[in-house]
Amino acid sequence: YQECTSGDDKEIRLSFPSGHASIAFCGLSLLSFFLERQFGVSSMQLIIHEPLSGQIRVTYRDHIRIRRIVSILCYSPMLLAIFIAASRIVDNEHFPADVVCGSILGTSVAALVHGFWFPFLLSLDS
């Protein structure tokens, strides 16, 4: 084990989770989720509830092949978040566990906020 020789114990406790990684993943995940909802495959989905049979089915409006490529491109801001998180490890500012937990925390908060902004609505049109 490595032993801390620094006299300042407060700085040791500030590394978990990585604030840079959590903010980067939160902001850029939220941007990616928003872009995918506006321009990706999610923007083409029609969710239809059939009242007679009680079934719910998902259909798509246009050609989905092009929208799949656009959906992949919508998640390109995540590459910047990964770069920011990796730079914290390379610069010896954080341990890998700090960065991974910060990344998970940021992405979870982004998914929660995105769910509040864009709730899953069921179309009752038949």
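The rules behind the values
- Residues numbered from 1 in each chain as written.
- Predicted model: local features only at pLDDT ≥ 70, side-chain atom pairs only at ≥ 80, totals over all residues.
- Heavy atoms only, no water.
- Helix = DSSP H or I, 4+ residues; strand = E, 2+ residues; numbered from the N terminus.
- Areas by Shrake-Rupley, 256 points an atom, 1.4 Å probe, with all protein chains shown as cover.
- Patch = residues over 30% accessible without salt bridge, like charges linked within 9 Å, V, L, I, M, F, W, Y side chains within 5 Å.
- Salt bridge = Lys/Arg side-chain N within 4 Å of Asp/Glu carboxyl O.
- Core = buried A, V, L, I, M, F, W, Y, C linked by side-chain atoms within 4.5 Å.
- Buried < 20%, exposed > 50% of the residue type's maximum accessible area, 1.4 Å probe, protein only.
- Contact = heavy atoms within 4.5 Å.
- Phe/Tyr/Trp six-rings, centres within 6.5 Å; stacked < 30°, edge-to-face > 60°.
- Axes fitted to C-alpha atoms, helices over the stretch in contact; angles between N-to-C directions.
- Left-handed = near helix turned anticlockwise from the far one by under 90°.
- Nonpolar A, V, L, I, M, F, W, Y, C, P; charged D, E, K, R; others polar.
- pLDDT = per-residue confidence, 0-100.

Asks: Quick question: what am I supposed to make of the overall build of the protein here?
Replies: The number of helices and strands found in the protein is five helices and two strands. Across the protein, helices and strands are ordered from the amino to the carboxyl terminus as α-α-β-β-α-α-α. Total accessible area on the protein is roughly 9,300 Å²; 65% of this is exposed by carbon and sulfur atoms.

Asks: Looking at this structure, how should I read a nonpolar patch on the surface?
Replies: Nonpolar side chains collect at one region of the surface, where Leu112, Phe116 and Trp117 lie side by side and expose about 420 Å² of accessible area between them. Within the secondary structure layout, Leu112 lies in helix α5 (residues 96–117).

Asks: Mind showing me how you'd approach the nonpolar core here?
Replies: Most often, soluble globular proteins keep nonpolar side chains buried together rather than apart. By size, the foremost hydrophobic cluster in this structure holds eight residues: Ala21, Ala24, Phe25, Leu28, Met78, Ala81, Ala85 and Val99. For this core, the leading source of residues is helix α2 (residues 19–39), giving four residues. Not counting residues up to four positions away in its chain, the partners in contact with Ala21 are Ala85, Val99, Gly102 and Ser103.

Asks: Sorry, what's going on with the packing of aromatic side chains here?
Replies: Aromatic ring pairs are described here by two measures, namely the spacing of the ring centres and the angle between the planes. Enumeration over the complete set of coordinates arrives at one aromatic pair. An angle of 70° between the planes, with centres 6.3 Å apart, marks the rings of Phe33 and Tyr75 as edge-to-face. Highlighted residues: Phe33 in helix α2 and Tyr75 in the loop between α3 (64–74) and α4 (77–90), separated in sequence by 42 residues.

Asks: Just checking my understanding: could you explain the packing of α2 against α5 for this structure?
Replies: How two helices pack is summed up by the angle between their axes together with the distance between the axes. Contact geometry for α2 and α5: axes closest at 7 Å, N-to-C directions at 35°. Classified by chirality, the crossing of α5 by α2 is right-handed. When α2 is examined against α5, the residues Ala21, Ser22, Phe25, Cys26, Ser29, Leu30, Phe33, Phe34 and Arg37 are found in contact with a partner set consisting of Val99, Gly102, Ser103, Leu105, Gly106, Thr107, Val109, Ala110, Ala111, Val113, His114 and Trp117. A breakdown of the residues in the contact of α2 with α5 according to their chemical character gives 13 nonpolar, seven polar and one charged.

Asks: Would you take a moment to explain the confidence of the model for the protein for this structure?
Replies: Low pLDDT means the predicted coordinates in that region are not meant to be read closely. On average, residues of the protein score 76 in pLDDT, and 68% of them are at 70 or above. Model confidence for the protein, summarised as mean pLDDT per element, is weakest for helix α1 (residues 10–13) at 58 and strongest for α5 at 88. Across residues 122–126, where pLDDT falls below 50, the model places twelve contacts with residues more than four positions away in sequence or in other chains.

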